[in-house]
Amino acid sequence: ATLVSKANAGGDKEGVQDAICQAIVVGLVFAMLGSCFLLFQPNMVLKSVLKDGAPALEYALPYLFIRSFAFLPSMLTLIGFSAFRGVLDPLTPMKISLFANLFNAILDPILIFPLGLGVTGAALATLAAEIISGSIFFYMMAKRKMISWSKLFSLPKWEKLEPLVRGGAALQLRNFALNLTFIAVTRVTQSLDEAGIAAAAHAMSIQVFQLGGIVLLALSTVAQIVVPNRMVETVDPITKKKTGGPLSAKSAVNRLMSWGLVLGILLGALQIGVLPLLHKSSPLPEVREAAKMPSYLASIYQVINGLVFIGEGVMIGTGSFLQLSLSTLVATCATLLALNKFPLKYGLTGVWMSFGVFNTIRLLGVWLHQTKNGPLARRNLEKTQ
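Rules behind the numbers
- Residues numbered from 1 in each chain as written.
- Predicted model: local features only at pLDDT ≥ 70, side-chain atom pairs only at ≥ 80, totals over all residues.
- Heavy atoms only, no water.
- Helix = DSSP H or I, 4+ residues; strand = E, 2+ residues; numbered from the N terminus.
- Rg over C-alpha atoms; globule rule 2.2 N^0.38 Å.
- Buried < 20%, exposed > 50% of the residue type's maximum accessible area, 1.4 Å probe, protein only.
- Contact = heavy atoms within 4.5 Å.
- Areas by Shrake-Rupley, 256 points an atom, 1.4 Å probe, with all protein chains shown as cover.
- Lys, Arg positive; Asp, Glu negative; His and termini not counted.
- Charge placed at Lys NZ, Arg CZ, Asp CG, Glu CD.
- Patch = residues over 30% accessible without salt bridge, like charges linked within 9 Å, V, L, I, M, F, W, Y side chains within 5 Å.
- Salt bridge = Lys/Arg side-chain N within 4 Å of Asp/Glu carboxyl O.

**Q** Even after reading the chapter, I still don't get the overall build of the protein, so can you show me in this structure?
**A** The secondary structure content of the protein amounts to 16 helices and 2 strands. At 22 Å, the protein has a C-alpha radius of gyration in line with the 21 Å of a compact globule built from 385 residues. Dimensions along the principal axes, computed over C-alpha positions, put the protein at roughly 70 × 45 × 35 Å. When burial is assessed residue by residue, the protein has 44% of its 385 residues classed as buried. Here the analysis covers contacts within the protein between residues at least 6 apart in sequence; of these, 75% occur between residues at least 24 apart. Of the accessible surface of the protein, which amounts to about 20100 Å², a share of 69% is contributed by carbon and sulfur atoms. Once the 32 positive and 18 negative side-chain charges of the protein are each reduced to a mean point, those two points are 8 Å apart.

**Q** Hey, could you run me through a nonpolar patch on the surface in this one?
**A** A surface patch of nonpolar side chains, amounting to about 430 Å² of accessible area, comprises Ile 106, Ile 110, Leu 115, Leu 117 and Leu 124. Here Ile 106 lies in helix H6 (residues 91-112).

**Q** What exactly am I supposed to notice about the pattern of salt bridges here?
**A** Pairs may arise between side chains of opposite charge once their charged atoms sit close together. In the structure shown here, the tally under the stated rule is 7 salt bridges. In this structure, Asp 18 and Lys 151 form a salt bridge, with 2.9 Å as the shortest nitrogen-oxygen distance. With Asp 18 in helix H2 (residues 13-40) and Lys 151 in helix H8 (residues 149-152), this pair connects stretches of sequence that are 133 residues apart. According to the relative accessible area criterion, Asp 18 is buried, its value standing at 13%. In this structure, Arg 67 engages Glu 130 in a salt bridge whose closest nitrogen and oxygen atoms are separated by 2.7 Å. Of this pair, Arg 67 sits in helix H4 (residues 57-67) while Glu 130 sits in helix H7 (residues 118-143), and the two are 63 residues apart along the sequence.

Laid out in structure tokens, this is it:
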């Protein structure tokens, strides 16, 4: 999205095509590797989350087998979503995502219950929705000439591919750290009890977290689009008035961070207010009791999330991929240490305390980027003036 956004801000249609086509080529390679790994080594993947002989393995293996075919359509969806964001068109991805999710929501219960496919049916419904989503995104990009068939089937030049590969490699390091964190959280949660109460309470707490988290993640996406657009200085051919540039981008970042803090506080307060209603979603009193404190923590963390999500969106927008990845990696290491200590004493609440460690260190990384070493930090802006 960052490369597309910069090219689009400068009016470079060829640059937009180059960025999208190169992303599809690289994405195709990673999708093939990912699919092969899941197809031929499913047990290795599942062992990272489930213990040997866990009852869930019976359902997880066929589910993972079917989902392994979703790498390519998911990659096309991700690239399409980022491409349309980069050209400042968030409406098209919303329509495509809405259609695909409605299709999934309708097909899910049909395959699971009347046809009796159970978990396998859920996997098939999700795979079908992802194929539809990826296909529509590809069609829309071709229709709007955002991709070129000749560029898709030609070997890209290294000087054009290098920014994508370097940025992608750094972001893959970040994705590895994020996935490692969530896998560790899932594994620790699964090991808290054999009855599944902790796992059910954790799922309920995640739902509470996502109530506000989705809104704040959307603002992170906005930052990824707005910041690179604002960083490009343009001159109106008629009025000769200059717009954009580093100072304009810095002003946008300050406004976004302020909105992140305000929304984080409001959404956290709203979540605390509706917790009694959310906890009624489980008929089991022991699950509701186990989810109580983690749900409060999930609500309080929204204050941090508002700053972290937008701040990391700014880091992506400025191309500070490596710093973002290293910040996430440090946060992951601290979280793994916390997961070895807190859950032993506090149970599921300790798992969510570890989440607090994770996001607090990410917030420190955002602070360092915006005040010390990022391209929009005050002292670096003064050097450019």
